[in-house]
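Descriptive structure summary
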Amino acid sequence: MQAASTVDNLDESKYVRVFVSQEIEIKLLVEGVSREQVLALCQSLAKDAEMTELQLSNGYFDTEDLRLRQHDMGLRIRQRGDQREQTIKLAGEVLGGVHSRPEYNTAITSEQPDLTLFEEDIWPDDFPLFDINRDLHEIFRTDFTRYRWHLPSGDGHIELVYDEGLIKVGEQERPLAEIELEVQQGDITDAYRLARRFITRLNARLGNLSKAARGYMLAGKTVLEPFTHAHFVPQQPNDDVGTGLYRALTYALQYWQHNDACLTEVPSVRAVAGITDGIRLSKVVLQQLATLETDVGDHILRLEQMLGHLGWLSRYDGLTELTAEDGAYHRALEQYPKLYDAIREQQQHAVQLELVQSLSVRDDYQLTLLELGALCHEQPRHEQVAQLPLRQWASQRLREDWQNVIDAFAKERDLKPEYYLKQLPLLQSSLQLGYCVGYLFDEEDREQFRAPWQDMVRGIREIMALKLLRDAIKDNDDNQPDRLLNWQTVQLESLLYALEHSRKAALKQEPYWLG
């Protein structure tokens, strides 16, 4: 049931009545854009719809140890004049800028929240309702002006909202300027169409973080950490292949967007690495959809172009391998301070965070995120795909995909460093396909198969590090270049020996998708 109790019609509800809605909205950040520009575009898109202006004050509550946050819940009291409304938002998801999560609303007279006003059946079985209710206190506030329009759509409407104000924690403040397109029994494709206009006309960015998430960060209660390792997508064996692939694309997109938010909040190489992994994983899924006659060629091309801007990461990772204190080369290279300092300097110069930051705010980048989110919601597929069991398809696809890898590495002779480097993208792609569908198969068999191939990935990346080391030795005027070059050669030969061992072990593994 759509929520009827809102801050602008509280007088229509009774203070004991609770309303629930499944909130589906696209959130866009318009920070740095003037109020006049935003309002002008909003009014243009709203056409004859009347604008409502509201002054809203919101207190967000949790316990000292953040037990609501641990359950991915957000609790607020919103006040307009003398009227207050209490809202609890339960766990949901963010995809392509779309925030989807159930929320429950009820009018309240007190400034202190009361969780017992909500229906008992909304809470998880192990939720300590009364303990949490007793310990609630305000964590942060959001005070803003809301400009609102109702746009007809489908069997309902889309609520277009522009919020401008501040997130506050004591004396600390953070500006707030965002567009929300909330689908209220309307057509979500209309919301995506409107979102495109804000991206192209105002350079708006998709908002992955809710007001609550940003408030918790400002209060120092949570820290946004990049995802650095993908997990296997929890697939269901009875699903059809289309459902499984779009579930995998949803995971890849969420992985990418989380790291994109990390880049915005606290720029770091780890965030860029996470973005890169998310884009690569998205590309792998789209390539599988393309084999099933889904028209995603333009998306794949755009992702390949993005990855071209992120190529500096491999050089940075190689130099980091040489300088890492827990690495295999750090202690030896420290004996040559001039060379070591030169490598450290190259490592610092390799970082191109500003390039990635400028890429992330471009229209084509934001539109790609938006359109992939729309793809996950619409889930277009060929008719025959709906009749193809996921596990059956996954077994066949893994066999075909890994056969290409096995053919590439099943050589009689020892492989040269350049050959290993050339085959790395093929190997990485097959391992990423495993993240998409490997959950369907026995975990022990799967890990036993993947382990030597993952060892090879690490070894091939180390080849890049040693090639960079050789270049650094040649460019450095150290007084012992021959000795250093001989040492580098020995290290490379030792690495190739280890890679040969991993290669032979990998080729002997039984495929896990046959079980």
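Higher on the page you've got the structure.
Counting restarts for each chain: residues are numbered from 1 in the order of the written sequence. Since the coordinates come from a predicted model, pLDDT governs what is reported: local features require at least 70, and pairs of side-chain atoms require 80 or more to be given and counted, while whole-chain, interface and lining totals use all residues. As a rule here, side-chain values cover all heavy atoms of the structure and leave hydrogens and water aside.

1. Overview of the overall build of the chain
This is how the line gets drawn: In DSSP terms, a helix is any run of H or I states spanning at least four residues, a strand is any run of E spanning at least two, and both are numbered starting from the N terminus. Partly exposed describes any residue whose relative accessible area lies between the buried limit of under 20% and the exposed limit of over 50%, with all areas from a 1.4 Å probe on protein chains only and scaled to the type maximum. What makes two residues a contact is simply this: any of their non-hydrogen atoms within 4.5 Å. Residue burial considers only the protein chains on display, and all accessible areas are found by Shrake-Rupley using a 1.4 Å probe. Charge assignment: positive for Lys and Arg, negative for Asp and Glu; neither His nor the chain ends contribute. Positions of charges follow a simple convention, taking NZ of Lys, CZ of Arg, CG of Asp or CD of Glu.
The helix and strand inventory of the chain stands at 17 helices and 10 strands. The principal-axis extent of the C-alpha atoms belonging to the chain is close to 85 × 55 × 50 Å. Counting all 515 residues of the chain, 53% fall into the buried class. Here the analysis covers contacts within the chain between residues at least 6 apart in sequence; of these, 73% occur between residues at least 24 apart. Surface summary for the chain: the accessible area is close to 24,300 Å², and the carbon and sulfur share equals 46%. Taken as two groups, the 56 positive and 84 negative side-chain charges of the chain have centres that lie 4 Å from each other.

2. Points about a negative patch on the surface
Put simply, the test is: By definition, no residue in a patch forms a salt bridge, and every one has over 30% relative accessible area; like charges are joined within 9 Å, nonpolar side chains (Val, Leu, Ile, Met, Phe, Trp, Tyr) within 5 Å. Whenever Lys or Arg places a side-chain nitrogen within 4 Å of a carboxyl oxygen from Asp or Glu, that contact is recorded as a salt bridge.
A grouping of Asp-317, Glu-321, Glu-325, Asp-326 and Glu-334 is seen on the molecular surface, where their side chains present a negatively charged patch. Taking the relative accessible area as the measure of exposure, Glu-321 reaches 31% and is therefore partly exposed.

3. A closer look at helix H17 (residues 481–507)
Where we set the bar: By this rule the span expected of a helix is its residue count minus one, scaled by 1.5 Å.
For H17, built from 27 residues, the straight-helix expectation of 39 Å at 1.5 Å per residue is met to within 8% by its first-to-last C-alpha distance of 38 Å. Considered for burial, the residues of H17 that qualify are Leu-484, Leu-485, Gln-488, Leu-492, Leu-495, Leu-496, Leu-499, Glu-500, Ser-502, Arg-503 and Ala-506. Check the buried side of H17 and you find it contacts helix H11 (337–350), helix H14 (390–409), helix H15 (417–437) and helix H16 (443–475).

4. As for the packing of helix H8 (residues 297–309) against helix H13 (residues 363–378)
The following threshold applies: To obtain each axis, a line is fitted to C-alpha atoms, and for helices this fit is confined to the stretch in contact; angles are then taken between N-to-C directions over 0 to 180 degrees. Our angle categories are set so that under 35 degrees counts as roughly parallel, over 145 as roughly antiparallel, 65 to 115 as roughly perpendicular, and the remainder as oblique. In this scheme, a crossing is called left-handed if the near helix is turned counterclockwise away from the far one by less than a right angle; it is called right-handed if the turn is clockwise. Classification convention: Asp, Glu, Lys, Arg as charged; Ala, Val, Leu, Ile, Met, Phe, Trp, Tyr, Cys, Pro as nonpolar; all other residues, Gly among them, as polar.
It is at 11 Å that the axes of H8 and H13 come closest, and there the two elements cross at 140°. Our classification of the angle between H8 and H13 gives oblique. Here H8 runs over H13; the crossing is left-handed. Residues His-299, Arg-302, Leu-303 and Met-306 of H8 touch H13, and the partners they reach there are Asp-364, Tyr-365, Thr-368, Glu-371, Leu-372 and Leu-375. Among the residues making up the contact of H8 with H13, the classes are represented as 5 nonpolar, 2 polar and 3 charged.

5. Re the packing of helix H7 (residues 269–291) against H15
Orientation of H7 relative to H15, taken along the N-to-C sense of each, is 80°, at an axis distance of 9 Å. It follows that H7 is roughly perpendicular to H15 by the angle criterion. Here H7 contributes Asp-277, Arg-280, Leu-281, Val-284, Val-285, Gln-287 and Gln-288 to the contact with H15, which in turn contributes Gln-428, Ser-429, Gln-432, Leu-433, Tyr-435 and Cys-436.

6. Structural notes on the environment of Lys-89
Summarising the element assignment, Lys-89 is placed in strand S4 (residues 83–89). Classification of Lys-89 as buried rests on a relative accessible area of 17%. Sequence separation between Lys-89 and Glu-103 is 14 residues, and the spatial gap between their C-alpha atoms is 4.2 Å.

7. Describing the nonpolar core
As a reminder, the rule being used: Side-chain atoms within 4.5 Å link the members of a nonpolar core, which is a set of buried Ala, Val, Leu, Ile, Met, Phe, Trp, Tyr and Cys residues.
Of all hydrophobic cores here, the largest spans 133 residues; its most connected members are Leu-181 and Phe-198. At 13 residues, helix H6 (residues 241–265) tops the list of elements feeding residues into this core. Not counting chain neighbours up to four residues away, the residues in contact with Phe-198 comprise Leu-28, Leu-41, Cys-42, Leu-45, Leu-160, Ile-179, Leu-181, Asn-203 and Ala-204. Residues Leu-75, Ile-88, Trp-123 and Leu-129 belong to the second largest nonpolar core, which totals 17 residues.

8. Let's talk about the environment of Pro-175
Inspection of the secondary structure puts Pro-175 in strand S9 (residues 172–184). Taking the relative accessible area as the measure of exposure, Pro-175 reaches 54% and is therefore exposed.

9. Quick look at the side chain of Ser-282
In plain terms, the rule: Each polar contact in these results corresponds to two N or O atoms within 3.5 Å; when the atoms are within protein, one needs to be able to donate a hydrogen and the other to accept it, and residues that are neighboring in sequence are counted only if both atoms are side-chain atoms.
Residue placement: Ser-282 occurs in helix H7. A relative accessible area of 0% means that Ser-282 is categorised as buried. Separated by 2.8 Å, the side chain of Ser-282 and the backbone oxygen of Gly-278 make a polar contact. Leave out the neighbours within four places in its chain, and Ser-282 touches Leu-249, Ala-252, Leu-253, Trp-256 and Leu-303.

10. A word on the pattern of salt bridges
In the structure shown here, the tally under the stated rule is 37 salt bridges. Residue Asp-131 is joined to Arg-134 by a salt bridge in which the shortest nitrogen-to-oxygen separation is 3.3 Å. Remark: Arg-134 and Asp-131 occur in helix H3 (residues 129–134); sequence separation between them is 3 residues, near one turn of the helix. Relative accessible area serves as the criterion here: at 57%, Arg-134 is assigned to the exposed category. A salt bridge links Glu-371 to Arg-196, with the shortest nitrogen-to-oxygen separation between them at 3.8 Å. Residue Glu-371 is located in helix H13, and its partner Arg-196 is located in helix H4 (residues 188–202); the two are separated by 175 residues in the primary sequence.

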